[in-house]
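Residue-level structure breakdown
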Amino acid sequence: MAGNWKLNKLVGEAVDTVEALKSLVAGVTDKDIVVCPTFTALQSVGKALEGSNIQLGAQNCYTKESGAFTGEISPQMLKDVGCTWTIIGHSERRQYFGESDELLNEKLKFALASGLKVMFCVGETLEERESGKMNEVLSRQMINGLAGLSTEDFANISVAYEPIWAIGTGVTASPEQAEEAHAFVRGIVADKFGSDVADALRIQYGGSVKPGNAAELMAKPNVDGALVGGAALDAESFAEIVNACA
Ligand code: PGA
């Protein structure tokens, strides 16, 4: 159950949010809970989370440890401030920053090799869905994105299915639509990496998850968690979503 805060919250606001969240989810022992603040808030949020059951994640990272790569952040730097997770391949990175499947594959492999766990995002646009290309797009993103991984790597990966038409729009995929896409994604992993890996893989749903719709989405057999944007900015609403996942 992860919150992707995107480009939101100054450091003080970020710390206030996790201070509130800590007590709201203190009793949760059966789920991984992750918050992904902006880079500038990671260190302070990481300190605030010490000793809690909430893990720290970044929203992106680069393919190199250090060097002349102006503006980039390495997995080693993320670990240095307490991150155990990073998101890779969010549709906003693909759309607005032109990140290709090949670059994302490099990022994924380097983050894993550096000891981070990765939430790897895939998802189709409305146009792709309506023109019957959803499966083709998901296959391409999954096969190219996960190319070259070993079965062991999957212990540190979760896949997030995030239909682009449902992100930040208030339009959620129906539980049936989410289930269909998740089953398809799991099938791709089974084909390429075997059914043991596929069965154990956690597939999160993302796209307008709210306290009011989380339970019915999470009730689907192939929906194992959520990646939450807007509704994760508020500690109470994110805690409600965390608690909705059985
Ligand atoms: P949303 O964003 O919950 O605001 O739709 C989800 C995401 O982009 O991860």
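Residues numbered from 1 in each chain as written. Predicted model: local features only at pLDDT ≥ 70, side-chain atom pairs only at ≥ 80, totals over all residues. Heavy atoms only, no water.

1. What to know about the overall build of the chain
Basically, it comes down to this: Under the DSSP-based scheme used, a helix requires at least four consecutive residues in state H or I and a strand at least two consecutive residues in state E, with every element numbered from the N terminus. Using C-alpha atoms as the atom set, the radius of gyration is obtained and then compared with a globule rule of 2.2 Å times the number of residues to the power 0.38. Burial classes: relative accessible area under 20% of the type maximum marks a residue as buried, over 50% as exposed, and values in between as partly exposed (1.4 Å probe, protein chains only). Values of accessible area rely on a 1.4 Å probe in the Shrake-Rupley scheme; residue burial ignores everything except the protein chains shown. When charges are counted, neither His nor the chain ends are considered; positive counts come from Lys and Arg and negative counts from Asp and Glu. For the purpose of locating charges, the reference atoms are NZ of Lys, CZ of Arg, CG of Asp and CD of Glu.
Along the backbone of the chain there are 11 helices and 8 strands. Here the C-alpha atoms of the chain give a radius of gyration of 17 Å, agreeing with the 18 Å that 2.2 N^0.38 yields for 246 residues. Projected onto its principal axes, the C-alpha positions of the chain cover 45 × 45 × 35 Å. Counting over 246 residues, the chain shows a buried share of 52%. Per element, the accessible surface of the chain, about 10700 Å² overall, is 50% carbon and sulfur. Charge-centre separation for the chain: the mean point of 20 positive side chains lies 3 Å from the mean point of 33 negative side chains.

2. Comments concerning the site of the ligand
Rule in force here: The rule for a residue being near a molecule or strand is that one of its heavy atoms must lie within 4 Å of it. A 3.5 Å cut-off defines polar contacts: any pair of N or O atoms within that distance qualifies, except that in protein one atom must be a possible hydrogen donor and the other a possible acceptor, and neighbouring residues in sequence count only when both atoms are side-chain atoms. Residues were grouped as follows: Ala, Val, Leu, Ile, Met, Phe, Trp, Tyr, Cys and Pro as nonpolar; Asp, Glu, Lys and Arg as charged; and all remaining residues, including Gly, as polar.
The ligand sits among 13 residues. The nearest are Lys6, His90, Glu162, Gly168 and Ser208. Taking Gly168, its main chain carries an N or O atom lying 2.6 Å from an oxygen atom of the ligand. Coverage of the ligand by the protein chains reaches 95% of its 280 Å² of free accessible surface. Classifying every residue of the shell around the ligand by side-chain character gives 4 nonpolar, 7 polar and 2 charged.

Everything listed here is a matter of geometry and, on its own, says nothing about what the molecule does.
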